[in-house]
Amino acid sequence: MSIVVKDLTYIYSPGTPFERKALDGVTFTIEDGDFFGIVGRTGSGKSTLISHFNGLIKLMNGSLIVEGIDLSEKYDYKKLRSQVGMVFQYPEYQLFDETVEKDVGFGPKNLGLSAAEIAERAKNAIELVGLDYREIKDRSPFELSGGQMRRVALAGVLAMKPKTLILDEPTAGLDPKGKEEIMQLLLRIKRECPTIVMISHNMDEVSSYCNRIAVLGGGKLKGVFSPKELFDKEELVAEAGLSLPMPAYISKLLVERGLNVSASSEDELVQSILSIWGAKNA
Amino acid sequence: MRDVSFGQYYPSKSVVHRMDARIKIIISLCYIVLLILVPTIDRFLDKGRLGDYIVSVGATFIVIILFLLMVTLISKVPPLKVLKSVKSVIFLVIFTAVILVLFYGGTSNHIYFHKGIINISLEGIINSIAMAIRLFLLVMGPSLLTLTTTPVELTDGIESLLKPLKLIKVPVHEIALIMSIALRLIPNLIEEADKIRSAQKARCADFDSGNIFKRAKAMLPILVPLLISSFRRADELAYAMDSRCYRGAKGRTRMKIMRLGIRDLFGMLFFAAMFFVALMFIYDFFGVSTALANLAYSLI
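Because the structure is predicted, anything quoted here is derived from the model rather than measured.

### Digging into the interface of chain B and chain A
- Between chain B and chain A, the residue contacts involve 14 residues of the former and 21 residues of the latter.
- Between chain B and chain A the total buried area reaches about 1,600 Å² when both faces are included, carbon and sulfur atoms providing 66% of it.
- Counting the surface chain B buries against chain A, the share from its top three residues, Ala202, Arg203 and Cys204 of chain B, is 43%.
- Where chain B meets chain A, there are one salt bridge.

If you want it as structure tokens, here you go:
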């Protein structure tokens, strides 16, 4: 089990007029190898939740075990943060060093690794995110394109060799092609970093890549579902501020018009429409 | 980094909040002048006794503190917020106080310890306590101004007060605009710095250990992205203003026109009364301080 969350509660500015419950008794488990989605409206507590996972927010109430490290006791920050990589929204805004290689090596350097190991990890991470190591390593991160910068930032986290990768809206602000590329990249990364947790507002993304999805609302966990289960709960989808993914939406419209279609992916939709079509013509 | 109370407005509808920003700025300036007028001990001991100094300065401080307390209560700002504003200068004050105690070089009749340039005396200790109180009051007063006045009102007030400088071609409006943009962006910068800090922390960056040079160097991964995003933001803001036809002060009207009211008059009178009483203790008008000191001596 990668991450075990139990009864997690977090209150901002307790004891002041600005007191606000960001998380309220959240309990769930993320298994090893999950591609785990977290959805919910703005202010539903998603970011607060994932900030707990690598100790950026101190545990206030409840218990949390991440990669075997119990966060309610004293623990080694560096060990936790090297096991759990965190990619924030618009990660390209965190780049700072003179060259791409140095920037990517920042994490390993902080871990106190040897120069050779740092270089090796930087090289692997840059190649893992699909960039040309030789060509890019000595360039300034600020002269790259937006998509490249995001990849470099991602490489900077991957260079820590995490076992779990947490991403906050990794595709925000990208064009459709860029979004697709990043998601494909995540699938490739998943071979080396088996557990991926992702916040997203894009239902198509969540439904086609995640195997389990947690829905948050007002700091409470509304449940953890498979994509198919979630799309049968239309109210919950609407409450989370999401729209149905396109295949599910089309099949819903078809069902309303009397066709017997059930699909959560494009392939399934095409298959079921084709079979109805075939039966009609036979 | 989130505890920057300076420049943080505390919303309320009190009389103090509704007062004209210009009046509040003038009062704050006079308040600062008043604190500067409080004498240090050297200036005093040439002609007076140590007890006279304690009584005169002590009484002045009590008057000023009472004034601050009353304004705070009227303004409905939690007193703790005002007190917290000294947090940012506390190290400066402690440092100054220690230096003043160790190296006091003025007249002193009660020496406790003397070796080389180190000279600890009763006068030095009293002097440094007075200085510490003075510095704390110096921060608390203006922070009360920013707690009860929105940044927009504040810059509008400054712009209005600086208007006469337009005659000698000082770009008053532009200066006020720069100030208001700077003030407006402080919370954004803090938020942004927090975000970048978290991101670098997630890459095991260490900001809290090592000596001062190491720590300064550790700030680089925050400062560089912060600087870059400030430039980006400035660019975007310039475009946004341009596209809404901003052309500077010429022909620009205001939605809120500042008008002096009866409450401003009362506020000024209230401050003037405090100001006069404090001056009375400082300069010994009508022999008040001397009389008080004599009374204190006779009691002891």
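There is more to say after this.
### Re the sheet that holds strand S1 (residues 3-12) of chain A
Residues and elements named next belong to chain A.
- Ordered in space as S2-S1-S4-S5, the four strands form an open sheet in which the pairing is antiparallel. The strands lining the two open edges of the sheet, one partner per strand, are strand S2 (20-30) and strand S5 (69-70).
- By the bridge criterion, seven bridges tie S1 to S2 in an arrangement that is antiparallel. Note on S2: the bridge partner recorded for tyrosine 10 is leucine 23.

### Here's the deal with the side chain of serine 207 of chain A
- Along the chain, serine 207 of chain A turns up in helix H9 (residues 203-209).
- There is a polar contact of 3.1 Å between the side chain of serine 207 of chain A and the backbone oxygen of aspartate 204 of chain A.

### Section: the pattern of salt bridges
All names here are of chain A.
- Going through the model one piece at a time under the given rule, you end up with 19 salt bridges over all chains.
- Its salt-bridge partner being glutamate 135, residue arginine 139 comes within 2.9 Å of it at the nearest N-O pair.
- Exposure remark for arginine 139: the relative accessible area of 23% places this residue in the partly exposed category.
- According to the relative accessible area criterion, glutamate 135 is partly exposed, its value standing at 43%.

### Focus: the packing of aromatic side chains
- For the structure on display, the rule yields 12 aromatic pairs over all chains.
- When the centroid spacing of 5.5 Å and the interplanar angle of 10° are considered together, the rings of phenylalanine 28 of chain A and phenylalanine 36 of chain A count as stacked. The burial state of phenylalanine 28 of chain A is the same as that of phenylalanine 36 of chain A; both residues are buried.
- The ring of tyrosine 93 of chain A has arginine 232 of chain B sitting right over it, with the charged end atom 3.8 Å from the ring centre.

### A few points about the state of the cysteines
- This structure, assessed with the given rule, holds zero disulfides over all chains.
- Free cysteine: cysteine 210 of chain A, not disulfide-bonded; nearest cysteine sulfur from cysteine 193 of chain A at 14 Å.
- You can call cysteine 210 of chain A buried: its relative accessible area is 5%.
- The cysteine cysteine 204 of chain B is free of any disulfide, with cysteine 193 of chain A supplying the nearest cysteine sulfur at 15 Å.
- The exposure class of cysteine 204 of chain B is buried, given its relative accessible area of 3%.

About the thresholds
Note on numbering: residues in each chain are counted from 1, in written sequence order. Written order determines the labels here, with chains lettered from A and ligands numbered from 1. In view of the model being predicted, local features appear only for residues whose pLDDT reaches at least 70, and side-chain atom pairs are presented and counted only at 80 or more, with totals across whole chains, interfaces and linings using the full set of residues. Computation of side-chain values covers all heavy atoms of the structure but excludes hydrogens and water. In what follows, residue pairs with any heavy atoms lying within 4.5 Å of each other are defined as contacts. The term buried area denotes the loss of accessible surface (1.4 Å probe radius) that occurs when two parts are joined, taken as the sum for both partners. The term salt bridge refers to a pairing of a side-chain nitrogen on Lys or Arg with a carboxyl oxygen on Asp or Glu at a separation within 4 Å. Strand pairing is defined by DSSP finding a minimum of two bridges between the two strands. Strands here mean DSSP runs of E at least two residues long; helices mean DSSP runs of H or I at least four residues long; both are numbered from the N terminus. Polar contacts here mean pairs of N or O atoms no more than 3.5 Å apart (in protein, one a potential hydrogen donor and the other a potential acceptor; neighbouring residues in sequence count only if both atoms are side-chain atoms). Each residue's exposure class comes from its accessible area (1.4 Å probe, protein chains only) as a fraction of the maximum for that residue type: buried when under 20%, exposed when over 50%, partly exposed otherwise. Within 6.5 Å between ring centres, the rings of Phe, Tyr and Trp (the latter by its six-membered ring) count as paired, and their orientation is classed by plane angle as stacked under 30 degrees, edge-to-face over 60, tilted in between. We call a charge positioned over a ring when the NZ of a Lys or the CZ of an Arg lies within 6 Å of the ring centre and within 35 degrees of the ring normal. Whenever a pair of cysteine sulfur atoms sits within 2.5 Å, that pair is classed as a disulfide.

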